[in-house]
Amino acid sequence: MIVAQSTLAPEPQATIERAEGQTTVRLSGPWTAPHAERVEAVAEAITSEVETYPVVFDLSEIGRLDTLGAWALNRTRHELSAKGQADIANASPEQAILMQETAYREFEGDQKPRHSRLVDFLVDVGKTVAGAGKDLVGGVGFLGELVSALLRVIIHPGRFRGSAVINQLEQIAYRGVPIIVLISFLVGCIVSQQGIFQLIKFGATPFVIDLIGILVLRELGVLLTSIMVAGRSGSAFTAEIGSMKMREEIDALRVMGLDPIEVLIVPRIMALVIGLPLLTFISSIAALVGGGLTTWIYGDISPDIFLTRLRAAVSLNTFLVGMIKAPFMALVIGIIATLEGLAVEGSAESLGRHVTSSVVKAIFMVIVLDGLFAMFFAAINY
Amino acid sequence: MLERRQTDQAKDRDVIIRVRGVEVGFGERTILKELDLDVYRGEILGFVGGSGQGKSVLTRAILGLVPKRAGTIEVLGQNLDDLSPEGRRQLERHWGVLFQQGALFSALTVKQNIQVPMREYLNLSDRLLDEIAMLKIEMVGLNPDAADKLPSELSGGMIKRAALARALALDPEIVFLDEPTSGLDPIGAGEFDDLIATLQRTLGLTVFMVTHDLDSLYSVCDRIAALGEGKILAEGPIETMLESDHPWLRSYFHGKRARAVMAGGAQG
């Protein structure tokens, strides 16, 4: 046993005895990892103080010795042996094995090549641009795969996974209702309150109803819902698919002859495409209720006047503009979330990175798409 | 602690882990009941038992990862229930654990994984930190190239070795190995057994090894404890296991696979 009897000395120590033509270094105390700092300091002191060679390291009084202590001794011995002979003496059989196991060797330094900042920056920009291009190509390719999977499901309705779609609908739409209602209601209140404060200056308070009605139905309802869904469900898709990929579950599906896109992704995207318009409708109604209450409280406009004026302000196409956009938003969110999920590699860090980028990309694309739709609808005068 | 250890050593054999009357259960199910077990300093204890009998549960109870309902567990002479958080921290650096799946941190390279406990507990210069990590990598038989690889780039055997290197990072006195040779090819498993035996000899380790590998039990374990029905069915060297009349032990150590191993051992 290496342990015990001389653990009496609390600290690793070395006594250097200089005799005629020989130096003896007597080591004592525990040369172990918990005393690492002191081990290192003593080892350095030995290197600098030894003058006459040969040197003998006497281990007879040493306490516990572990790999760290043994390595430190071997390294010191190696450094000294550049100048003269250095040997180990009086090691117990176990210590001798340990000293042999930890014999000094050079480790290849893993020096990383140095880069200049400018080059690094340019490389970074280049990679980002190339990455964005690849994302676009990947997205289009994936859309194709998705459509072909959808067609297969239509041709063989037996392969349609109804229960999976219902289950996803519950997760995406039903469980998302409370938070979306709450947020939309509050945003409706806030927009209408600010509208009243500004329009009152022109004596045009009733126009706040036009403002609320058009803004909510055309833009706010669908935008708020899409952003919330990207955050709630997009992140969940990426995490689910990503961790399934990490645990080889996707490969397991593949070798069973099941198409992961058909099994995992089609039901999710279908549920999104159905669920997001439903949520958009609920969100718009909640925002209108919020706006109506605020105009009642701040603008003294009673609910029946609000409703009459709302009916005059908005037409069916105002409502449809919002609703038409919803399925496209759902498609974008779903495709980005699944692509990011499938891009996850082995590590937990990679999963986190892809979930974040799934949400960020989805929200960004939702807003860009909304802008494109605004231009499109303006161009066709809808 | 020092005094306790020395008085313990005065006895015949120094008990490093002492489990007494431990009961562990989940919900209504009791998994371990009135379990007693001693692990002696410097031995390699093989811990066997059928699947679902609670081998991992006992290991996790000793490590404090699963709460126990009754009983005491002493490690290095200290009752785990009496320890302050600081005392517990102190104790934890005296043991290393090799989890079944390796449990390497997936975001860190092998070298960084090994350095995690060292950075946390030891005050080392960067140079020594690197050198010791590389030394451990070589000691567990990994190629130095593996140092800068991520766990996802390693094979199963390499993951086990890297995880062992991390378990040994602080030169612990006790090493817990949870099925160290599972998922390795027979040659790799044999090498791993030799590695454990060598490390045990050179570093004076105490090894607590949960295993199903009959080869490991025959070749490296000093003593075997068999778990069943919530308690230790038998403990002792392999001969004791072979002589036992307990039906489960008979089928375990005299089954077809066991006979093959024994026959192989007789020839070799």
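Asker: How should I be thinking about the overall build of chain B in this particular structure?
Answerer: Counting its secondary structure elements, chain B contains eleven helices and ten strands. Evaluated residue by residue, chain B yields a buried proportion of 42% over its 268 residues. Taking all contacts inside chain B whose residues are at least 6 apart in sequence as the whole, residues at least 24 apart take part in 65%.

Asker: Is there a simple way to think about the environment of A:Q100 in this case?
Answerer: All names here are of chain A. In this fold, Q100 is placed in helix α3 (residues 93-101). Since 13 C-beta atoms lie within 10 Å of it, Q100 is described here as partly exposed. On a C-alpha basis, the gap between Q100 and A70 in space is 9.0 Å, while along the polypeptide they are 30 residues apart.

Asker: Would you explain the sheet that holds strand β4 (residues 70-75) of chain B in this entry?
Answerer: By definition, the strands of a sheet pair up through backbone hydrogen bonds, in either a parallel or an antiparallel sense. Residue and element names in this part refer to chain B. Ordered in space as β2-β1-β4-β5, the four strands form an open sheet in which the pairing is antiparallel. Each having just a single partner strand, β2 (29-40) and β5 (78-79) make up the two edges of the open sheet. As judged from the five bridges shared by strand β1 (residues 15-26) and β4, these two strands associate in the antiparallel manner. Bridged to E23 within β4 is A70. Sheet strands touched by helix α2 (residues 55-63): β1, β2 and β4. Its angle to β1, the strand with the most contacts, is close to 115 degrees.

Asker: Looking at this structure, I do not really get the interface of chain A and chain B. What am I missing?
Answerer: Quoted interface sizes are often the accessible area lost when the parts come together. Each partner contributes residues to the interface: chain A has 27 residues there, and chain B has 27 residues. Contributions of two or more residues to the side of chain A that touches chain B are made by α1 (36-49), α2 (67-80), α3 and α12 (348-379) of chain A. For the side of chain A that touches chain B, the element with the most residues is α3(A), which contributes four residues. For the side of chain A that touches chain B, the class distribution of residues is twelve nonpolar, six polar and nine charged.

Asker: Would you mind going over the pairing of strand β8 (residues 206-210) of chain B with me for this structure?
Answerer: Residue and element names in this part refer to chain B. The buried fraction of β8 is high, at five of five residues. Of the two faces of β8, both are covered, the one formed by T206, F208 and V210 as well as the one formed by V207 and M209. Where strand β3 (residues 44-49) and β8 come together, four bridges link them in parallel fashion. What sits directly across from I44, in β8, is V207. As defined by bridge partners, strand β7 (residues 174-178) adjoins β8 across five bridges and the pair is classed as parallel. What sits directly across from D178, in β8, is V210. Each parallel crossover has a hand, and for β7 linked through helix α7 (residues 186-203) to β8 it is right-handed.

Asker: Is there a simple way to think about unusual backbone geometry in this case?
Answerer: What you tend to see is this: most non-glycine residues have negative phi, and most peptide bonds are trans. Within the chain, A:D300 stands out as a residue other than glycine whose phi angle is a positive 60 degrees. Residue position: A:D300 is located in the loop between α9 (260-299) and α10 (303-313). Here B:A103, not a glycine, exhibits a phi torsion of approximately 50 degrees, which is positive.

Asker: How should I be thinking about the sheet that holds β3(B) in this particular structure?
Answerer: All names here are of chain B. The six strands are arranged β6-β7-β8-β3-β9-β10 in an open sheet whose pairing can be described as mixed. Each edge of the sheet is formed by a strand with only one pairing partner; in this case those strands are β6 (95-98) and β10 (231-236). Across the sheet, the mean angle separating the axes of adjacent strands is 15 degrees when strand polarity is ignored. Note: β6 against β7, four bridges, orientation parallel. Bridging across to β7, L98 finds its partner in L177. Where helix α6 (residues 156-167) meets the sheet, its contacts fall on β6 and β7, and the angle it forms with β6 comes to roughly 165 degrees.

Asker: I'm lost on the confidence of the model for chain B in this one. Help?
Answerer: In low-pLDDT regions, the fine details of the predicted coordinates are not to be read closely. Residues and elements named next belong to chain B. Mean pLDDT for chain B: 81, with 93% of residues reaching 70 or above. Mean pLDDT across the elements of chain B bottoms out in helix α1 (residues 2-10) (43) and peaks in β8 (89). Note that pLDDT drops below 50 for residues 1-11; the model gives that stretch 13 contacts with residues more than four away or on any other chain. Interface scoring of the predicted complex returns ipTM 0.71; its pTM is 0.69.

Asker: Which parts of the structure should I look at to understand the packing of helix α6 (residues 177-199) of chain A against α9(A)?
Answerer: Residue and element names in this part refer to chain A. It is the contact of α6 with α9, at a shortest axis distance of 7 Å, that shows an interaxial angle of 40 degrees. Two packed elements cross with a definite hand, and for α6 against α9 that hand is right-handed. Residues of the contact of α6 with α9, tallied by class, amount to 17 nonpolar, ten polar and no charged.

Asker: How should helix α7 (residues 207-246) of chain A be read in this particular structure?
Answerer: Since the α-helix packs 3.6 residues into each turn, any two residues three or four apart lie on the same face. Residues and elements named next belong to chain A. With 40 residues, α7 extends 55 Å from end C-alpha to end C-alpha; this agrees with the ideal 58 Å at 1.5 Å per step. Helix geometry: α7 is bent most strongly at V216, by close to 60 degrees. Looking one or two residues past α7, E248 carries a phi angle of roughly 65 degrees, positive in sign.

Asker: Just to check I follow, could you spell out the nonpolar core for this structure?
Answerer: One broad rule of soluble globular proteins: the nonpolar side chains tend to lie buried together. If you look at the biggest cluster of nonpolar residues, it comprises 102 residues, and the most contacted ones within it are B:L45, B:I137, B:A165, B:V207, B:F208 and B:M209. Among the elements that take part in this core, helix α5 (residues 126-139) of chain B stands out by supplying seven residues, more than any other. In this structure, B:I137 is in contact with B:V110, B:I114, B:L142, B:P144, B:A146, B:A147 and B:A165, ignoring residues within four places of it in sequence. Counting residues in each nonpolar core, the second largest holds 51 residues, with A:L276, A:L279, A:A286 and A:A337 among its members.

Asker: So what exactly am I meant to see when it comes to α7(B) here?
Answerer: Over its 18 residues, α7(B) extends 25 Å from the first C-alpha to the last, a length consistent with the 26 Å expected when each residue adds 1.5 Å. For α7(B), the full list of buried residues reads B:A189, B:F192, B:D193, B:I196, B:T202 and B:L203. Against the buried residues of α7(B) lie α2 and α3 of chain A together with β3, α6, β8 and α8 (214-219) of chain B.

Asker: How should I be thinking about the environment of A:V191 in this particular structure?
Answerer: Residues and elements named next belong to chain A. Mapped onto the elements, V191 comes out in helix α6. With 103 residues separating them in the primary sequence, V191 and T294 have C-alpha atoms 9.3 Å apart. If we skip the residues at most four places from it in the chain, V191 touches I212, L215 and G291.

What counts and how
Counting of residues starts from 1 at the beginning of each chain's written sequence and follows it residue by residue. For naming, the first written chain is A and the first written ligand is 1, with later ones following in the order written. Given that the model is predicted, a residue must reach a pLDDT of at least 70 before its local features are reported, and side-chain atom pairs must reach 80 or more before they are shown or counted; all residues, however, enter totals for whole chains, interfaces and linings. The way it works is that DSSP assigns letters per residue, a run of H or I at least four long becomes a helix, a run of E at least two long becomes a strand, and they are numbered from the N terminus. We call a residue exposed when 12 or fewer other C-beta atoms sit within 10 Å of its C-beta, buried when the count reaches 20 or more, and partly exposed for counts in between; the C-beta positions come from the backbone. The contact rule is simple: place each C-beta atom from the backbone, and if two of them lie within 7 Å, those residues are in contact. One requirement defines pairing of two strands: DSSP has to find at least two bridges between them. Note on method: axes are straight lines fitted to C-alpha atoms, helices fitted across the in-contact stretch only, with angles between N-to-C directions ranging 0 to 180 degrees. Note on residue categories: nonpolar means Ala, Val, Leu, Ile, Met, Phe, Trp, Tyr, Cys or Pro, charged means Asp, Glu, Lys or Arg, and polar means any other residue, Gly included. Every crossover in which the path from the first strand over the helix to the second runs clockwise, viewed with the strands pointing away from the viewer, is termed right-handed. Each residue carries a pLDDT value, the predictor's own confidence for that position, ranging from 0 to 100. Handedness of each helix crossing follows the sense of rotation of the near helix against the far helix: counterclockwise by less than a right angle gives left-handed, clockwise gives right-handed. To estimate the expected span of a helix, count its residues, drop one, and scale the result by 1.5 Å. Given a residue, its bend is the angle between the two axes fitted to the seven residues that end at it and to the seven that start from it. To form a nonpolar core, buried Ala, Val, Leu, Ile, Met, Phe, Trp, Tyr and Cys residues must be joined through C-beta atoms within 7 Å.

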